[in-house]
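# Examination of the molecular architecture
Chain by chain, the residues run as shown.
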Amino acid sequence: MSECLHCSNRFSPTANETEFCCSGCRYTYSLIKDLDLDRFYLLKGDKTVEPVGDRAFAAFDPTWLENATADLEPGAPVTCHIEGLSCVGCVWLIEKLYADTVPGGRIELRIADASARLRGNDHPADLIEFAKKAQKFGYTIQSPSAHQGEKSESSRLLARLGVTAGLAMNCMGFSLPRYLGMPSDFEFARLFDQIAWISATLALLVGGSWFIKRAWRALRLRRLHIDLPIAIGLLAAYGGSIYGWSSGQDSLIYFDFVAIFSTLMLAGRYLQTHVLERNRSKLRADSPEPSPVLRIGSDQKIPPDSLKSGDQFQLEPGQVLPVRATLLSPITEASLEWIDGEPEPRLFRKGDLLPSGSRPLSSKVEFEADEAYSESILAGLLTARSPDERSPLSDRLLAGYLAIVLLLAIAGLAVGYAQGGGVYGLQIAISILVISCPCALGVSLPLATELANNLIRKQGVHVTAQGFWSRLNHIRQWVMDKTGTLTSDLPQLKDSSWIDAATTSELEILAALARHSSHPFSRSLYQSCTRRLGHASDVKLNDWQEIPACGPKGTAPDGSIWSLQAPQSATAGAACELFRDGQALTRFDFTESLRDGAAGSIAQAQRQGLGIQILSGDKQTALSPFRDQLGLDESQTLGGLSPADKAQWLKLSPLPSLFLGDGINDALAIESATVAGCPATGQGWTKAKVDFYYTSPGLGFIPDLLATAKLHRRACIWAIGFAMLYNSAAIAICFTGAMTPLLAAILMPLSSLASLAIVSQPFRQHTSKDTRNFYVEPQPAANKLQVDERPRPKNVAEGGSRV
């Protein structure tokens, strides 16, 4: 592992990149060195900051800032959110950029919430220029409204918490005289009790009702919820206090405890919710948001979600490509870092197909949409939600837990009644109900899932299914398809002579035939055709369908039937044949290569005791070269299998299987596997069936996926173990009578926070790293901070050395 020169994050070096984790960090590092801003690294020290990624190349949309400054009076501030602000070095760098770009202006920064107040001069355009310049350094200036609603639930909890805390203080204040010895016949004693009762009642309505409503809704749906014991404890404590007040049993008056318990429960739940929302916010911050595109032939900008196949549009440099599209411009350089994790920009030529989520880096570029936005990879990734980790097993555990708690409360009531009467028994029962909360099931496990999803997402893996991590821990073998899964998703055509000699009509029909197929051979042919044509096909095929184990088929406008099929030859390798009206026109042979990291990932999986199996529809002879490269024996590579054969093999296998497939031919196998995944380039319905899909170009994420599953399992075991020890000790104290409701109310949120810390520990250990300091050599000062808008080449200026 190496350490990025800019952000200090650890990364795996490649042959082409050994110094930076991404092209954005390399670009920003070169800007800082060129503009003599090296003090940033001295102030940052060994602190890791967020990798720049594609933000440095993204196009800045000034619309919100233009609206904010349109009616701005001189000197009036503009509030904004700065994505990427994380350390004192960032503060210094942003202030330096602002002072240079906005003469006479002033900026006020807050690291805590990454917000800023911009006080401009008489030229509002300077603020927009500053925002554009900051973007080149990896800081995105956003409207505050872009982050409103991210913490909607925690904000509502915080409002409830504030009101409930005030009522609790009021209740405690008027209850204190009784604890200090105020006699019951004191003339204001009754008034003090009434004020305490009113305050406790309002605290229960404002704060406690949040838990009671959630528990009641779950019961109406015939489900148990983790808030049920909290609701029972609150109602029992409040009911006991009412009974004690009305009957003169002062030892049962716990109005102040009800108010304090509601406050502390809300405080604990707020902190838990805030942690989860912060993780989700981090996930969304890493995702590129598409902006409106300019329709070719008009001055109209259209929203990305209105794009459909065949629409032609234009992108600004750095703007996210919303859909998979054919390049109409002669040439462009584009960053695919967010899609495949590769830091190096790639060169594309007219007719090439670019995936959604890529960022063209050249001047204005024209495209023709190849799909609707709703079908794109980007739309799927941006609308994906973290899966719910609830499972039948969790529900059974919660039911058993609540049953045990209720039985213990009844037992405590009986024991207390036998030892000291009903009042003493009620006190023990209330304490048991309050102290016992299944925080490991309701708080810790969802947090463990969030942390695991966040960790593996950095490898380009997106989890979509319930109970994914628990099922993944049972996997004992890794099964995969060959073409497009084990091998590169875009094989190379060996001989393009037919395409070079074909007529425009034939090329357009072949492109239309292959256009919507997910098979790697089809996508390779489509790219070859569009390169030759220089545009996407305008032909619309009737009755287009993709037949499993065969290929795409459709009827051309002249009535002829075209299809791509597997060759009939028994010795066929990586190839397919083109048919028109049942007559073979030509054969296309392809060169396939293993995906990046495939051999190393398979070797590592075998060392971990995982079985390896390749199931392919290709002939057995086509598997021999890959078997030799991977060091597998013949029994581990099975060829000539139909989709049903693959599914049957998985059903009969005694070992739980992780299956990777990429298209319609693998649909049956996906449904038969214990856990299944597919590339993000797969069809939408395929991604809806799998447990996860991945944007990584290689297979190096598989060992990381299995390692993350072990981390998740370890975190869950630690949390459940802590919960068992804590509740056993707390309930034992309750039976002795030493546990008061106040002490229980204090221990309950503390145990929840301890559970959160315990769950986070394995993930913190995994991401911890050795840190190093930088020594930055002084550079000649620049007269003015002029930011070069062009993407930098790989080799940047040398500006210092590590100590």
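Residues numbered from 1 in each chain as written. Predicted model: local features only at pLDDT ≥ 70, side-chain atom pairs only at ≥ 80, totals over all residues. Heavy atoms only, no water.

## A word on the sheet that holds strand 13 (residues 353–354)
- The 6 strands lie next to each other as 8-7-9-15-10-13, forming an open sheet whose pairing is antiparallel. Of all the strands in the sheet, just strand 8 (301–302) and strand 13 have a single pairing partner and so form its edges.
- As paired elements, strand 9 (residues 312–315) and strand 15 (residues 365–369) share 4 bridges and run antiparallel to each other. When the bridges of strand 15 are listed, Gln314 appears paired with Glu366. (Pairing = 2+ DSSP bridges. Helix = DSSP H or I, 4+ residues; strand = E, 2+ residues; numbered from the N terminus.)

## Topic: helix 5 (residues 125–136)
- The first and last C-alpha atoms of helix 5 sit 17 Å apart over 12 residues, in line with the 16 Å expected at 1.5 Å per residue.
- Listed in full, the buried residues belonging to helix 5 are Leu127, Ile128, Phe130, Ala131, Lys133, Ala134, Gln135 and Lys136.
- Following helix 5 by one or two positions, Gly138 has its phi on the positive side, about 95°. (Expected span 1.5 Å × (residues − 1). Buried < 20%, exposed > 50% of the residue type's maximum accessible area, 1.4 Å probe, protein only.)

## What to know about the sheet that holds strand 23 (residues 583–591)
- Pairing is antiparallel across the open sheet formed by 6 strands, whose spatial order is 18-23-22-21-20-19. A single partner strand is all that each edge strand has here, and the edge strands are strand 18 (492–493) and strand 19 (542–547).
- Bridge count between strand 21 (residues 561–565) and strand 22 (residues 575–580): 4 bridges; the pairing is antiparallel. In the strand pairing of strand 22, Gln565 is matched with Glu577.
- The sheet strands contacting helix 18 (residues 504–515) are strand 19, strand 20 (551–555), strand 21, strand 22 and strand 23, and the helix crosses strand 21 at an angle near 60°. (Contact = heavy atoms within 4.5 Å. Axes fitted to C-alpha atoms, helices over the stretch in contact; angles between N-to-C directions.)

## Structural notes on the packing of helix 8 (residues 228–247) against helix 13 (residues 422–435)
- At a minimum axis separation of 8 Å, helix 8 and helix 13 run at an interaxial angle of 150°. Taken together, the axes of helix 8 and helix 13 lie roughly antiparallel to each other. Note on packing geometry: the crossing formed by helix 8 with helix 13 is left-handed. In contact with Pro229, Ile232, Gly233, Ala236, Ala237 and Gly240 of helix 8, helix 13 contributes Leu426, Ile430, Leu433 and Val434.
- Classifying every residue of the contact of helix 8 with helix 13 by side-chain character gives 8 nonpolar, 2 polar and no charged. (Parallel < 35°, antiparallel > 145°, perpendicular 65-115°, else oblique. Left-handed = near helix turned anticlockwise from the far one by under 90°. Nonpolar A, V, L, I, M, F, W, Y, C, P; charged D, E, K, R; others polar.)

## A short note on the pattern of salt bridges
- The final tally for this structure, using the stated rule, is 16 salt bridges.
- The salt bridge involving Arg324 is made with Glu371; its shortest N-O contact spans 3.8 Å. On the criterion of sequence distance, the pair formed by Arg324 in the loop between strand 9 and strand 10 (325–327) and Glu371 in the loop between strand 15 and helix 11 (377–383) is long-range, its members being 47 residues apart.
- A single network of salt bridges, built from pairs that share partners, joins Arg106, Glu108, Arg117 and Arg119. (Salt bridge = Lys/Arg side-chain N within 4 Å of Asp/Glu carboxyl O.)

## A few points about the packing of helix 7 (residues 189–220) against helix 8
- Orientation of helix 7 relative to helix 8, taken along the N-to-C sense of each, is 155°, at an axis distance of 9 Å. Classified by the angle between their axes, helix 7 and helix 8 sit roughly antiparallel to one another. The way helix 7 lies across helix 8 gives a crossing that is left-handed. Packed against helix 7, whose contacting residues are Arg190, Asp193, Gln194, Trp197, Thr201, Leu204, Gly208, Phe211, Ile212, Ala215 and Leu219, the element helix 8 presents Leu228, Ile230, Ala231, Leu234, Leu235, Tyr238, Ile242 and Trp245 at the interface.

## A word on the nonpolar core
- Of all hydrophobic cores here, the largest spans 50 residues; its most connected members are Ile82, Leu93, Leu118, Phe130, Phe137, Tyr139 and Ile141.
- If you list the elements that add at least two residues to this core, you get helix 1 (23–34), helix 2 (39–44), helix 3 (63–70), strand 3 (77–83), helix 4 (88–101), strand 4 (106–110), strand 5 (115–119) and helix 5.
- Excluding its chain neighbours within four sequence positions, the residues that come into contact with Phe130 are Ile94, Leu97, Tyr98, Thr101, Val102, Ile107, Leu118 and Ile141.
- Val461, Leu630, Leu756 and Phe763 belong to the second largest nonpolar core, which has 44 residues in total. (Core = buried A, V, L, I, M, F, W, Y, C linked by side-chain atoms within 4.5 Å.)

None of this, on its own, says anything about what the molecule does.
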